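Residue-level structural notes
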Amino acid sequence: MAETPFSLVCTIRRLDSDDIRAFQDSLISETQSTTIDENSFSFRLDEANAKDLRAMWNTRIRGLIAADEILQAIETAGSSTKGDSKDA
């Protein structure tokens, strides 16, 4: 990859390896990522100017936030379903 004046490397770590796969998959259409281990991955952004780097960073972070919110909703729904089945 050609050198650009502005670069950023972000490493994401989670205790739950299923969550980390979901986060990595959520970025698949946005950027390439590198698996570090079962609980972490990283991605790199390279841009010609700071304004573009900021925009690309914001886009990736919004995607990760959305993935996190979906995972939390699934966990909450799963918890409430498990509780209901115990009472039945």
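Relevant structure appears above.
An account of the accompanying structure is given in this report. The structure presented is a predicted model; accordingly, all values stated were derived computationally and were not measured.

This part is about the side chain of Ser42. Along the polypeptide, Ser42 turns up in strand 3 (residues 40-47). Those residues in contact with Ser42 that sit more than four places away from it in its chain are Val9, Cys10, Thr11, Gln32, Ser33, Thr34 and Ile36.

On to the nonpolar core. The biggest cluster of nonpolar side chains holds twelve residues, and these are Cys10, Ile12, Ile20, Phe23, Leu27, Phe41, Phe43, Leu45, Leu53, Leu64, Ala67 and Leu71. Looking at this core, the elements with two or more residues in it are strand 1 (6-13), helix 1 (17-26), strand 3 and helix 2 (50-87). When residues in this core are grouped by element, the largest group, four residues, is from helix 2. If we skip the residues at most four places from it in the chain, Leu53 touches Phe6, Ser7, Leu8, Leu45 and Glu47.

Glancing now at helix 1. Within helix 1, burial applies to Ser17, Asp19, Ile20, Phe23 and Gln24. Along the axis of helix 1, the buried positions cluster into a sector of 155 degrees, meaning they face one direction only.

This part covers the sheet that holds strand 2 (residues 33-37). One open sheet accounts for three strands, arranged 1-3-2; its pairing is antiparallel. The sheet is open, and its two edges are formed by strand 1 and strand 2, each paired on a single side. This sheet shows a mean twist of 20 degrees between the axes of neighbouring strands, independent of strand direction. Of the pairings in the sheet, the one linking strand 2 to strand 3 comprises four bridges and is antiparallel in character. For Asp37, the partnering residue across the bridge sits in strand 3 and is Ser40. Against the sheet, helix 1 contacts strand 1, strand 2 and strand 3, and its axis sits at roughly 20 degrees relative to strand 3.

What counts, and where the lines are drawn
- Residues numbered from 1 in each chain as written.
- Predicted model: local features only at pLDDT ≥ 70, side-chain atom pairs only at ≥ 80, totals over all residues.
- Heavy atoms only, no water.
- Helix = DSSP H or I, 4+ residues; strand = E, 2+ residues; numbered from the N terminus.
- Contact = heavy atoms within 4.5 Å.
- Core = buried A, V, L, I, M, F, W, Y, C linked by side-chain atoms within 4.5 Å.
- Buried < 20%, exposed > 50% of the residue type's maximum accessible area, 1.4 Å probe, protein only.
- Arc of directions from axis to C-beta.
- Pairing = 2+ DSSP bridges.
- Axes fitted to C-alpha atoms, helices over the stretch in contact; angles between N-to-C directions.

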